[in-house]
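Chain residues, written in single-letter form:
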Amino acid sequence: MTYRKVNYEEVEQVSSAMHFLSDPLETEQVGVTIARCDPDWKSKPHDHTTNDHEEIYVLIEGSATVVVDDDPVDMEAGDALWIPPESTRQIRNGDRESAFVLVSAPSIADDEGADDEWLLSGFAG
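Here the structure is a predicted model, which means the values were calculated and not measured.

**Student:** Which parts of the structure should I look at to understand the nonpolar core?
**Tutor:** Generally speaking, nonpolar side chains in soluble globular proteins are found buried as a group. Counting residues in hydrophobic clusters, the biggest one holds 16 residues, and the most contacted among them are Tyr-57, Val-66, Leu-81, Ile-91, Phe-100 and Leu-102. Elements represented by at least two residues in this core include exactly β2 (31-37), β3 (53-61), β4 (63-68), β6 (80-83) and β8 (98-106). For this core, the element with the most residues is β4, which contributes three residues. Those residues in contact with Val-66, other than ones at most four positions away along the chain, are Tyr-57, Asp-71, Pro-72, Val-73, Met-75, Leu-81, Ile-83, Gln-90, Ile-91 and Phe-100. In this structure, Val-11, Leu-21, Leu-25 and Ile-34 belong to the second largest nonpolar core, which totals five residues.

Structure representation (structure tokens):
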């Protein structure tokens, strides 16, 4: 089979919000999490220094604040936020439910050859 499919609602919820999809999808280089955040929910502050993963948080429903290195970033549906590995981040939800897609992957090293580079813009296909 050349693909894998999973419905996030069938994946056990962790920390009362997170559905980690990387294990059931058996990903090798990217982490994907759906976060359905109840009103007033907060994630644990954390960084990804040890695994050198950068993250992108895409808010797909509602509004919330993501605190990056003590800097609150207000987000509305449709907003995407890039966070470097060494920055501390925390989701702070408001008084209504919100939903995020969280994507993480290793930072792209500067010394990789052109043949190893990821496609960063446009649509391949």
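**Student:** Explanation requested: the pairing of β2 in the structure shown.
**Tutor:** For a regular strand, side-chain orientation follows a simple rule: the groups alternate between the two sheet faces. Of all the seven residues making up β2, five are buried; the element is thus mostly covered by neighbouring parts of the structure. Pairing of strand β1 (residues 18-20) with β2 involves three bridges; the strand directions are antiparallel. By the bridge assignment, Phe-20 is partnered in β2 with Thr-33.

**Student:** How do you make sense of the packing of aromatic side chains when you look at a structure like this?
**Tutor:** Aromatic rings considered in pairs are described by the distance between their centres and by the relative angle of their planes. For the structure shown, the criterion picks out one aromatic pair. Between the aromatic rings of Tyr-57 and Phe-100, the centroid separation amounts to 6.0 Å while the plane-to-plane angle is 70°, which identifies the pairing as edge-to-face. One end of the pair, Tyr-57, is in strand β3; the other, Phe-100, is in strand β8, and 43 residues separate them in sequence. You'll find Tyr-57 and Phe-100 in the same group, each marked buried.

**Student:** Even after reading the chapter, I still don't get the sheet that holds β8, so can you show me in this structure?
**Tutor:** Note on sheets: strands pair through backbone hydrogen bonds, and any given pair is parallel or antiparallel. Read from one edge of the open sheet, five strands run β1-β2-β8-β3-β6, paired in antiparallel fashion. Each edge of the open sheet is held by one strand with a lone partner, namely β1 and β6. Strand-to-strand twist in this sheet, taken as the mean axis angle between neighbours without regard to direction, amounts to 20°. Note that β3 and β6 share four bridges and pair antiparallel. Pairing of Glu-55 across the sheet is with Ile-83, part of β6.

**Student:** Whenever I open this one, the pairing of β3 confuses me. Can you help?
**Tutor:** Strand direction decides the pairing type here: β3 and β8, joined by eight bridges, are antiparallel. What sits directly across from Val-58, in β8, is Val-101.

**Student:** What am I meant to see in unusual backbone geometry here?
**Tutor:** Comment: phi is negative for the bulk of residues other than glycine, and the bulk of peptide bonds are trans. Positive phi, close to 55°, is recorded for Glu-26, a residue that is not glycine. Turning to its location among the elements, Glu-26 is positioned in the loop between α1 (22-25) and β2. Although it is not a glycine, Asp-40 sits at a positive phi angle of roughly 65°. Tracing the backbone shows Asp-40 in the loop between β2 and β3.

**Student:** What am I meant to see in the side chain of Thr-33 here?
**Tutor:** Along the chain, Thr-33 turns up in strand β2. Judged by relative accessible area, which is 9%, Thr-33 ranks as buried.

Rules and cut-offs
In this numbering scheme, every chain counts its residues from 1 along its sequence in written order. Thresholds applied to this predicted model are a pLDDT of at least 70 for local features of residues and 80 or more for the giving and counting of side-chain atom pairs; totals over whole chains, interfaces and linings are not thresholded and use all residues. The side-chain values count all of the structure's non-hydrogen atoms but skip hydrogen atoms and water molecules. The term nonpolar core refers to a set of buried residues drawn from Ala, Val, Leu, Ile, Met, Phe, Trp, Tyr and Cys, joined through side-chain atoms within 4.5 Å. Relative accessibility decides the category of a residue: with a 1.4 Å probe and only protein chains considered, values under 20% of the type maximum give buried, values over 50% give exposed, and everything between is partly exposed. Secondary structure elements follow DSSP: runs of H or I no shorter than four residues count as helices, runs of E no shorter than two count as strands, and numbering proceeds from the N terminus. Contact between two residues is taken to exist if any of their heavy atoms lie within 4.5 Å; hydrogens are not considered. Pairing between strands requires that DSSP locate at least two bridges from one strand to the other. Between the rings of Phe, Tyr and Trp (Trp by its six-membered ring), a pair exists once the centres lie within 6.5 Å; its type follows the angle of the planes, with under 30 degrees stacked, over 60 edge-to-face, and the other angles tilted. Each axis is a line fitted through C-alpha atoms, taken for helices only over the stretch in contact, and angles between the N-to-C directions span 0 to 180 degrees.

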